[in-house]
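One letter stands for each residue in the lines below.
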Amino acid sequence: MEKIKVLHVITGMGTGGAEAFIMNMFRNIDSEKIEFDFLLRSEENVYQKDIELLGGKVYNVPPYPKKFISNYKETKKFFEEHSEYKIIHVHGNAFIYITALIIAKFRGIPCRIMHSHSTDTRKPIYRIVHKFNKIFMNFLVTDRFACSDKAGKWMFGNKSFIKINNGIDVDKFIYNKEIRDRVRKQYNIEENTVLIGHVGRFLKVKNHSYIVDIFNEYVKQNENSKLMLIGEGPELNTIKKKVENLEIENKVIFLSKINNVNEMMQAMDIFIFPSIYEGLGIVNIEAQTASLPCIISDRIPKESIITDLVEVKSIDLDPKEWAISIDKNLKSNTRRNMKKVIENSGYSSKKSAKTLENFYKAYS
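Residues numbered from 1 in each chain as written. Predicted model: local features only at pLDDT ≥ 70, side-chain atom pairs only at ≥ 80, totals over all residues. Heavy atoms only, no water.

## Considering the overall build of the protein
When helices and strands are counted, the protein shows 16 helices and 13 strands. Its C-alpha radius of gyration of 21 Å places the protein within 12% of the 21 Å reference for a compact globule of 364 residues. By principal-axis analysis of the C-alpha atoms, the protein measures approximately 60 × 40 × 35 Å. The buried share among the 364 residues of the protein stands at 57%. For the protein, the proportion of contacts with a sequence separation of at least 24, taken over those separated by at least 6, is 70%. Surface exposure of the protein reaches about 16,500 Å², of which carbon and sulfur atoms provide 49%. Charge centroids of the protein, computed over 56 positive and 45 negative side chains, lie 5 Å from each other. (Helix = DSSP H or I, 4+ residues; strand = E, 2+ residues; numbered from the N terminus. Rg over C-alpha atoms; globule rule 2.2 N^0.38 Å. Buried < 20%, exposed > 50% of the residue type's maximum accessible area, 1.4 Å probe, protein only. Contact = heavy atoms within 4.5 Å. Areas by Shrake-Rupley, 256 points an atom, 1.4 Å probe, with all protein chains shown as cover. Lys, Arg positive; Asp, Glu negative; His and termini not counted. Charge placed at Lys NZ, Arg CZ, Asp CG, Glu CD.)

## Topic: helix α14 (residues 319–332)
Look at α14: 21 Å from first C-alpha to last across 14 residues, which is about the 20 Å you get at 1.5 Å a residue. All buried positions along α14 are accounted for by Pro319, Trp322, Ala323, Ser325, Ile326 and Asn329. Seen from one end, α14 has its buried residues packed into an arc of 160°, which puts them on one side. Facing away from the buried surface of α14 by more than 90 degrees, the exposed residues are Lys331 and Ser332. The elements touched by buried residues of α14 are β8 (194–199), α10 (208–221), β11 (270–273), β12 (294–297) and β13 (310–313). (Expected span 1.5 Å × (residues − 1). Arc of directions from axis to C-beta.)

## As for the nonpolar core
Among the nonpolar cores identified, the biggest contains 66 residues, and Phe79, Phe95, Met228, Ile230, Met265, Met268 and Phe271 are the most heavily contacted of them. Discounting chain neighbours no more than four positions away, the residues touching Met228 are Ile189, Leu195, Ile196, Gly197, His198, Ile253, Leu255, Met264 and Met268. (Core = buried A, V, L, I, M, F, W, Y, C linked by side-chain atoms within 4.5 Å.)

## Side note on the packing of α10 against α14
Running from amino to carboxyl end, α10 crosses α14 at an angle of 60°, the nearest separation of the two axes being 8 Å. On the basis of their axis angle, the class for α10 and α14 is oblique. The hand of the α10/α14 crossing is right-handed. Contacts between α10 and α14 pair Tyr210, Asp213, Ile214, Glu217, Tyr218 and Gln221 from the former with Pro319, Lys320, Trp322, Ala323, Ile324, Ile326, Asp327 and Leu330 from the latter. Counted by class, the contact of α10 with α14 contains nine nonpolar, one polar and four charged residues. (Axes fitted to C-alpha atoms, helices over the stretch in contact; angles between N-to-C directions. Parallel < 35°, antiparallel > 145°, perpendicular 65-115°, else oblique. Left-handed = near helix turned anticlockwise from the far one by under 90°. Nonpolar A, V, L, I, M, F, W, Y, C, P; charged D, E, K, R; others polar.)

## Looking at the environment of Asn259
Mapped onto the elements, Asn259 comes out in the loop between β10 (252–255) and α12 (261–267). Asn259 sits in the exposed class, given a relative accessible area of 60%. Through-space distance from the C-alpha of Asn259 to that of Glu244 is 27 Å; in sequence the pair is 15 residues apart.

## Re the sheet that holds strand β9 (residues 225–230)
Taken together, six strands build an open sheet; the order of strands is β10-β9-β8-β11-β12-β13 and the sheet is parallel. Since the sheet does not close on itself, it has two edges, and those belong to β10 and β13, each with one partner. When strand polarity is set aside, the average angle formed by the axes of neighbouring strands in this sheet is 20°. Judged from the four bridges that link them, β9 and β10 form a sheet pairing that is parallel. In the strand pairing of β10, Leu229 is matched with Phe254. The sheet contacts of helix α11 (residues 236–245) involve β9 and β10, and relative to β10 the element is tilted by about 165°. The strands touched by helix α13 (residues 282–289) are β8, β11, β12 and β13; relative to β11, the strand with the most contacts, the crossing angle is about 165°. (Pairing = 2+ DSSP bridges.)

All we've got here are geometric facts, nothing functional implied.
Written out as structure tokens, the structure reads:
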């Protein structure tokens with residue numbers, strides 16, 4: 001049987017949850033039957049080598065909306081030169097970029113998926129565009145996917161959608177003391193030092209400023225503590241400046257462009273996740289798999305809470321309240337193997353990949 005070629009359309013392949021989901025599917029889907037390629041509108045791609053090793057191809061078009069005219073021309077040219085795709089799988093936080101869907105529609109591509117990965121968008125103007133573009137949703141899209149119920153309702157309103165669990169590679173995140181000791185040694189973190197962690201792009205929605213305020217309060221309670229912030233993005237320099245102004249730069253570790261988040265989570269003692277909104281919050285599931293106590297905001301979809309390790313708190317609270325909860329959770333947690341709990345919850349990448357595989361096969 002000829003391989004089913006799927007074209008994933010996404011801004012870039014950075015360190016976000018949508019990108020991690022796609023790569024988890026790529027690693028676990030039947031490569032004898034299905035092949036993933038990528039159409040990106042930015043140069044950001046931390047997975048280039050991984051994609052190549054898995055047999056995928058990456059194509060780039062100009063950024064959107066910055067160069068929307070050249071983006072349209074190059075995207076149109078791409079589809080004229082590549083008629084091998086029966087399926088395009090578009091990923092987004094909102095219904096903003098519809099160029100590929102328009103062209104695919106008029107070129108007769110039979111399967112055009114829109115996959116919602118969020119519950120809001122960063123800029124007010126994007127909300128207006130999102131609302132306007134939804135008028136054309138039924139005309140352009142054949143299938144609707146979402147990572148959570150809230151993400152589906154945000155993107156599709158009262159239209160039906162398929163919820164695809166953002167499955168993770170469970171074995172990679174299971175607690176491993178040997179990895180913990182190695183990573184902490186690498187970053188000069190003593191065994192009795194409390195390491196508070198967070199993973200996420202440096203965007204305002206991720207609430208890094210609040211995270212720093214929380215840590216600044218916690219370090220007053222426990223001087224023997226450090227904060228690890230993993231990610232990159234436009235707010236990075238602003239947050240670094242805030243850390244310097246608070247004179248805690250010797251206690252904050254910034255890491256970007258890494259592909260071993262699973263190992264960093266072994267080194268952490270607790271995970272905090274005070275996002276303003278999330279489509280799902282896949283890193284919260286990864287942290288639970290690593291048996292980390294997690295304190296998350298009340299804006300995060302309930303689907304990401306799958307163990308008893310999670311405490312939900314309001315981001316309207318004084319940061320001191322979060323700092324108190326950090327201390328409380330640290331005292332009550334013992335790291336343990338969470339493999340069965342996570343797999344039984346349906347968030348194994350193997351199960352999610354099988355769901356996608358069966359869907360794609362319908363178009364073979």
